[in-house]
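Architecture at a glance
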Amino acid sequence: MQIARIWRDWREVPDALKGAAVAVGAFDGVHRGHQAVIAGARDAAERLGAPLGVVSFDPHPRRWFQKDAAPFRLMTAEQMAEALAPLGVDILYLLPFDTEMAGMTDAAFAERVLAAAVGFDFTFGKGRSGSPEALRAYGERLGFTVSVAERLDDADGLKLSSSAVREALKAGDMARAAAILGRPFAIRGEVIHGDKRGRAIGVPTANIALGDYMRPAYGVYATRSRLPDGRVIDGVASLGVRPMYALETPLMEVWLFDFDSDVYGQTLDTELVAWLRGEETFDGLDALKTQIDADAAAARFVLSRS
């Protein structure tokens with residue numbers, strides 16, 4: 001399912017894309033809390049007979065203001081668009097967060113970006129001076145309405161936020177991350193060439209750079225990978241710096257079970273279903289291969305029950 005339209009320019013929005021009921025925020029992860037905010041905008045859209053839109057930013061404002069921050073994204077822009085489509089979103093206004101927008105006052109933002117609903121803790125404008133209350137006041141003057149979505153947490157007390165997802169991923173708690181997101185956390189990336197060491201011991205892997213994704217707990221995971229042709233292949237992955245053969249940059253190496261096709265250059269979506277163990281070093285290739293076989297058996301067991 002695809003969103004009907006993605007618009008990437010906040011400076012010139014065509015008339016045909018104006019007047020939508022929109023939810024505004026970073027929406028990194030499109031987790032269950034985000035989904036509740038968007039549901040509020042959807043109710044407004046239905047009431048007004050207007051398109052449903054989501055206003056988000058690329059790059060993430062945090063990346064703009066903290067250029068030296070560690071990688072933290074939970075999804076790519078393409079994954080965001082795909083996650084929004086089943087929610088009924090007609091238009092994704094994926095606005096470039098640049099020098100001009102970073103310096104924009106809250107009043108200027110209100111005047112140039114239409115909004116109908118914002119998250120409970122949404123702030124905007126230079127110095128984060130804006131607020132939902134300020135936006136409501138601007139709306140009264142400029143001719144749009146604003147509703148504020150209260151924060152939603154799980155009935156069992158599970159915090160539904162992007163920061164909570166990151167905390168779960170950092171702890172290797174993939175079940176908690178999936179409970180917040182409403183789906184397993186997945187890394188999307190192109191399969192690149194590696195050192196072929198895995199192939200030499202009978203374990204060919206699809207190597208995927210982590211890019212700007214936040215770094216989950218390093219170690220071994222049970223995985224499911226979706227190929228471009230739609231096939232979903234179970235597997236086991238090593239994610240991290242591979243201490244036995246140290247890497248300078250973290251990498252995800254996925255062994256796709258019962259699969260022998262060439263996937264170099266293809267883009268895979270790999271769900272990290274369960275964390276199995278942390279990174280280790282071994283006394284030689286034989287010991288490593290023994291552990292890999294044990295990891296594969298553990299992954300198959302976990303995946304057979306999920």
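Anyway, here's the lowdown on the structure attached to this text. (Residues numbered from 1 in each chain as written. Predicted model: local features only at pLDDT ≥ 70, side-chain atom pairs only at ≥ 80, totals over all residues. Heavy atoms only, no water.)

Some remarks on the pairing of strand S2 (residues 21–24)
With burial as the criterion, each face of S2 is covered, one bearing Ala21 and Ala23 and the other bearing Val22 and Val24. Direction of pairing for S2 relative to strand S3 (residues 52–57): parallel, over a ladder of four bridges. Paired with Ala23 across the bridge in S3 is Val54. What joins S2 to S3 is helix H1 (residues 32–48), and the crossover it makes is right-handed. (Buried < 20%, exposed > 50% of the residue type's maximum accessible area, 1.4 Å probe, protein only. Helix = DSSP H or I, 4+ residues; strand = E, 2+ residues; numbered from the N terminus. Pairing = 2+ DSSP bridges. Right-handed = clockwise from strand over helix to strand, strands pointing away.)

Examining the packing of aromatic side chains
Pairs of aromatic rings are described using the distance from one ring centre to the other and the angle between the two planes. The full count for this structure, using the stated rule, is three aromatic pairs. Where Phe57 meets Phe97, the ring centres are 6.0 Å apart and the plane angle is 90°; that geometry is what we call edge-to-face. Here Phe57 is found in strand S3, whereas its partner Phe97 is found in the loop between strand S4 (91–95) and helix H4 (99–102), with 40 residues between them in sequence. There is no split in this pair, since Phe57 and Phe97 are both buried. Ring plane angle 85° and centroid distance 6.3 Å describe the contact between Phe185 and Tyr213, whose orientation is recorded as edge-to-face. (Phe/Tyr/Trp six-rings, centres within 6.5 Å; stacked < 30°, edge-to-face > 60°.)

A closer look at the sheet that holds strand S9 (residues 219–226)
Strands sit in the order S7-S8-S11-S10-S9-S12 around a closed barrel of six strands; the barrel is antiparallel. Strand-to-strand, the axes of this sheet are offset by a mean angle of 40°, without reference to chain direction. As defined by bridge partners, S9 adjoins strand S10 (residues 232–240) across eight bridges and the pair is classed as antiparallel. Of the residues in S10, the one forming a bridge with Gly219 is Leu239. This element, helix H10 (residues 285–304), spans S9, S10, strand S11 (251–256) and strand S12 (267–277) of the sheet and lies at about 100° to S12. (Axes fitted to C-alpha atoms, helices over the stretch in contact; angles between N-to-C directions. Contact = heavy atoms within 4.5 Å.)

Comments concerning the environment of Ala102
Within the secondary structure layout, Ala102 lies in helix H4. With a relative accessible area of 12%, Ala102 lands in the buried category. Sequence spacing of Ala102 and Trp64 is 38 residues, and the spatial spacing of their C-alpha atoms is 8.2 Å.

Concerning the environment of Arg183
For Arg183, the location among the structural elements is in the loop between helix H8 (174–181) and strand S7 (186–192). Its relative accessible area of 27% is what places Arg183 among the partly exposed residues. With 90 residues separating them along the chain, Arg183 and Val273 place their C-alpha atoms 9.7 Å apart. Sequence-distant contacts of Arg183, that is, excluding residues within four places in its chain, are made with Gly29, Val30, Gln35, Met75, Ala83, Ala177 and Ala178.

Interpretation note: all reported values are geometric properties and have no functional meaning in isolation.
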